[in-house]
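# Coordinate inspection notes
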Amino acid sequence: MMPAQFPGSQISVVVETDGVRRFASAERQVQPMRILAVVDRSPYTLDLAGAKHAYIPFSAKVVLDGHLAQRSEQGLHFDFAVTLCDARSNPAITLSGTCRSSELATAILESIAEFTGTSLITTPASIDLLLSNRDGLGLADVSSNPVFCMNPPWLFGVDLELARQANQKALAPRIEAYAPRSSVIAYTDGSLPHHGKDRGAGAMLTIQGHWASQISPKNFSRSPLMAETTGALLALRHTPADSDLTIFSDNRALVKSVNDIAGGRLQTRQPHHVALEVAIARRSGSTRALWVRGHNGNCYNEAADRMAVLMARHFNAGIDPAQTHSLMQMIIAEELAGLTLAV
């Protein structure tokens, strides 16, 4: 924990004779004092070597689009900063720390308790807490803690920009260490049943554990390449547009198509090129594709393959999508067992 104090704050913190830092006597109340806290967090994941990687959120839109999809939060961590404000809503002290995503509420309370030298606050609704909902991460944990009054109405219109700036300043050196490692790596695959009238399907899986699977659009021809294209489109459309994207596929024709379009080298246009062109054109981050040998022990490739096959078979057999979704989750768990994912 690295506390930072603000000159001129209306809250005074003193070191008393027992060596514990506490609010000055004039700031104390007989009843538990309500605290205004402004919190910011930066999500990250750890690779197998323990290095931090910036967390790339999976677009929530993919779920709304009717795909079978899921945003992963397994193994997700936060660097967080919490600024306590005085009665005038001015920043008084900024504390920072790190925690697992499921422990954000406890980590905030522990940081306050450690600084003030007191036990954890347990009085319900004793802390008015402002936490942005830009990505939804960590909200469930904090909202379920009775100590916090999340984003109370009276905070609307209150200028807390100084507190936000203090949080960003505290987080900046932490984020700087892993911000460059913020590209998305996605494995995609497709499956086309042998029956000529059945529709194909595609699937994608990022190394952070986000996944999606979709039946090929009706206007796609019944071909293996169009099924493979369906999987690649899931990665292209739902990766944040400003993030660099690397697609791994075991289909050389798809890999060449993506690279030719991204590099402006496309000379002949085939049916699958049109959809890829539109998806790549909307992106500001770089896009590239790499070939990976199929069925060669790569757990991400194996998972994408199994999901695409399952999606195609279940859709064409009319099986309940809820059952398909459940089996998709089992595939992810089986193939990626033991890996530290970004959930």
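Throughout what follows, the structure given in this document is the object of discussion. (Residues numbered from 1 in each chain as written. Predicted model: local features only at pLDDT ≥ 70, side-chain atom pairs only at ≥ 80, totals over all residues. Heavy atoms only, no water.)

### Some points on the overall build of the chain
- Helix and strand counts for the chain come out as nine helices and 15 strands.
- A burial count over the chain gives 48% of its 343 residues as buried.
- Element-wise, carbon and sulfur atoms account for 53% of the exposed surface of the chain, whose accessible area totals about 16,500 Å². (Helix = DSSP H or I, 4+ residues; strand = E, 2+ residues; numbered from the N terminus. Buried < 20%, exposed > 50% of the residue type's maximum accessible area, 1.4 Å probe, protein only. Areas by Shrake-Rupley, 256 points an atom, 1.4 Å probe, with all protein chains shown as cover.)

### Here's the deal with helix α5 (residues 224-238)
- Helix length check: α5, at 15 residues, gives a terminal C-alpha distance of 22 Å against a target of 21 Å (1.5 Å per residue), a fit within 8%.
- In terms of residue burial, α5 counts as a mostly covered element, since 13 of its 15 residues are buried. (Expected span 1.5 Å × (residues − 1).)

### What to know about the pairing of strand β8 (residues 91-100)
- Within β8, eight of the ten residues are buried, which leaves it mostly tucked inside the rest of the structure.
- Between strand β7 (residues 77-85) and β8, which pair antiparallel one after the other, the connecting turn spans five residues, and S89 there sits at a positive phi close to 65 degrees. (Pairing = 2+ DSSP bridges.)

### Quick notes on the sheet that holds strand β11 (residues 184-191)
- The strand order across the open sheet built from six strands is β6-β13-β12-β11-β14-β15, with neighbouring strands paired in mixed fashion. Each edge of the open sheet carries a strand with a single partner, namely β6 (68-70) and β15 (287-291). Strand-to-strand, the axes of this sheet are offset by a mean angle of 20 degrees, without reference to chain direction.
- In this sheet, strand β13 (residues 211-215) lies alongside strand β12 (residues 201-206) in antiparallel orientation, the contact comprising five bridges. The residue bridging G202 from the neighbouring strand is Q214, located in β13. (Axes fitted to C-alpha atoms, helices over the stretch in contact; angles between N-to-C directions.)

### Regarding the side chain of T94
- Note that T94 resides in strand β8.
- Looking at T94, its side chain comes within polar contact range of the side chain of T83, at 2.7 Å. (Polar contact = N/O pair within 3.5 Å; in protein donor to acceptor, adjacent residues only side chain to side chain.)

### Overview of the packing of helix α6 (residues 252-262) against helix α7 (residues 271-281)
- Contact geometry of α6 with α7 gives a least axis separation of 10 Å together with a crossing angle of 50 degrees. Put simply, α6 runs oblique to α7. The interaxial crossing formed by α6 with α7 has right-handed handedness. Every residue of α7 that contacts α6 at L254, S257, V258, I261 and A262 is listed here: H272, H273, L276, E277 and I280. (Parallel < 35°, antiparallel > 145°, perpendicular 65-115°, else oblique. Left-handed = near helix turned anticlockwise from the far one by under 90°. Contact = heavy atoms within 4.5 Å.)

### Topic: the packing of aromatic side chains
- Evaluation of the coordinates by the stated rule reveals three aromatic pairs.
- Note on Y187 and F248: the rings are 4.8 Å apart at their centroids and 15 degrees apart in plane angle, and the pair reads as stacked. Of the two residues, Y187 sits in strand β11 while F248 sits in strand β14 (residues 245-249), which places them 61 residues apart along the sequence. The two residues Y187 and F248 agree in class, both being buried.
- An angle of 15 degrees between the planes, with centres 5.3 Å apart, marks the rings of Y187 and Y300 as stacked. Residue Y187 is located in strand β11, and its partner Y300 is located in helix α8 (residues 299-317); the two are separated by 113 residues in the primary sequence. Each member of the pair Y187 and Y300 is classed as buried.
- One aromatic cluster in this structure is built from Y187, F248 and Y300.
- When the ring centre of Y44 is taken as reference, the NZ or CZ atom of K52 above it lies at 4.3 Å.
- A cation over a ring is seen here: R252 above W291, with NZ or CZ 3.7 Å from the ring centre. (Phe/Tyr/Trp six-rings, centres within 6.5 Å; stacked < 30°, edge-to-face > 60°. Lys NZ or Arg CZ within 6 Å of the ring centre and 35° of its normal.)

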